[in-house]
Amino acid sequence: MDAANGATTKATADVTSKVTPDDPAAAADGRSPGRGATVIGERAVEKIVAAAIDSVPGTVSAGSAINRMAGRAYPRVDVQIDARAGSVTVETDVAVSWPTPVRDIARIVRDTVAERVRATTGLTVARCDVRVAAIVGADGDRPWSRVTRDDVLGHELAPRLRTPAATPLGVRPVSAPRSEPAPRRRVR
């Protein structure tokens, strides 16, 4: 319970919900009092941006295991949220495979990030800076196929979101009544 405004706050890793029991502003806006608000954290938006980058053909995850642990792998994402304006600014460094149309990939990454953040969070991307920080050639372990301009321009910007569905668990009939476990014997 927050003593300053009489609100109950519940926080999880990336999303914070704030419920105010008697909020006169909510009643004035037509919202039902007590419903609260959901605040989306920067880490959650960073994960959405990283997934959007990975979906663009020609972008690659680059960096050794040590570099990934130290935060020096690609893609690198930095997000700042302006909650009052309902907007986000994104700065990202990406790695692309060679040979690819680098300018087209940077433009499609920018458009994909803006659309996916808007579609999944409702926040507007005010600015999205995309820097192609590394061009990675194929090596023996990771052969990449050539990405053409048509592949990049044909990329869908909007995410394909599916509503999760739960399936009920099957119920098995009880065949015999439960018996009490045998008493444990003490071993000396």
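What you see is a predicted model; the values in this text were computed from it and never measured. (Residues numbered from 1 in each chain as written. Predicted model: local features only at pLDDT ≥ 70, side-chain atom pairs only at ≥ 80, totals over all residues. Heavy atoms only, no water.)

## Focus: the overall build of the protein
- The number of helices and strands found in the protein is five helices and seven strands.
- Counting from the amino terminus, the protein carries its helices and strands in the arrangement β-β-α-β-α-β-α-β-β-α-β-α.
- Residues counted as buried form 26% of the 188 residues belonging to the protein.
- Within the protein, contacts between residues at least 6 apart in sequence are counted, and of these 65% link residues at least 24 apart. (Helix = DSSP H or I, 4+ residues; strand = E, 2+ residues; numbered from the N terminus. Buried < 20%, exposed > 50% of the residue type's maximum accessible area, 1.4 Å probe, protein only. Contact = heavy atoms within 4.5 Å.)

## Here's the deal with the pairing of strand β7 (residues 124-136)
- As paired strands, strand β6 (residues 87-97) and β7 are joined by eleven bridges and run parallel to one another. Residue V90 lies in a different strand from β7, and its bridge partner there is C128.
- A crossover connection joins β6 to the parallel β7 through helix α4 (residues 102-121); in handedness this β-α-β unit is right-handed. (Pairing = 2+ DSSP bridges. Right-handed = clockwise from strand over helix to strand, strands pointing away.)

## Structural notes on the pattern of salt bridges
- Summed over all chains, the structure comprises six salt bridges.
- Two residues, R107 and D104, come together in a salt bridge whose shortest N-O distance is 3.8 Å. Taken as a pair, R107 and D104 lie in helix α4 at a separation of three residues, close to a single helical turn.
- Judged by relative accessible area, R107 falls into the partly exposed class, the value being 33%.
- Two residues, D104 and R149, come together in a salt bridge whose shortest N-O distance is 2.7 Å. With D104 in helix α4 and R149 in helix α5 (residues 149-153), this residue pair connects regions lying 45 residues apart in the sequence. (Salt bridge = Lys/Arg side-chain N within 4 Å of Asp/Glu carboxyl O.)

## Things to note about the confidence of the model for the protein
- Overall, the predicted model of the protein reaches an average pLDDT of 76, with 66% of residues at or above 70.
- For the stretch residues 1-13, pLDDT sits under 50, and the model shows 19 contacts to residues farther than four places along the chain or on other chains. (pLDDT = per-residue confidence, 0-100.)

## Concerning helix α2 (residues 42-55)
- Taking 1.5 Å of rise per residue, the 14 residues of α2 would be expected to cover 20 Å, and the 20 Å separating its terminal C-alpha atoms lies within 8% of that figure.
- For α2, every residue scored as buried is listed here: A44, V45, V49, A52 and I53.
- Along its buried surface, α2 packs onto β3 (37-40), β4 (59-60), β5 (76-82), β6 and α4. (Expected span 1.5 Å × (residues − 1).)

## Focus on the environment of V79
- Following the sequence through the fold, V79 ends up in strand β5.
- Among residues more than four places away in sequence, those in contact with V79 are E42, V45, E46, V49, V88, T89 and V90.

## Considering α4
- Here α4 contains 20 residues, and its C-alpha end-to-end distance of 28 Å stays within 8% of the 28 Å for a straight helix at 1.5 Å per residue.
- Taken residue by residue, α4 has D104, I105, A106, I108, V109, T112, V113, R116, V117 and T121 as its buried positions.
- Two residues or fewer past α4, G122 is found with a positive phi of approximately 85°.

## A few points about the nonpolar core
- Ranked by size, the top nonpolar core spans 22 residues in total, and within it V45, V49, V88, V90, V109, V113 and V117 carry the most contacts.
- Counting only elements with at least two residues in this core, the list comes to α2, β6, α4 and β7.
- Among the elements that line this core, the one with the most residues is α4, at six residues.
- Contacts of V45, omitting those with residues within four sequence positions, involve I40, V79, I81, V88, V117, T121 and L123.
- In this structure, V60, Y74, A95 and A134 belong to the second largest nonpolar core, which totals six residues. (Core = buried A, V, L, I, M, F, W, Y, C linked by side-chain atoms within 4.5 Å.)

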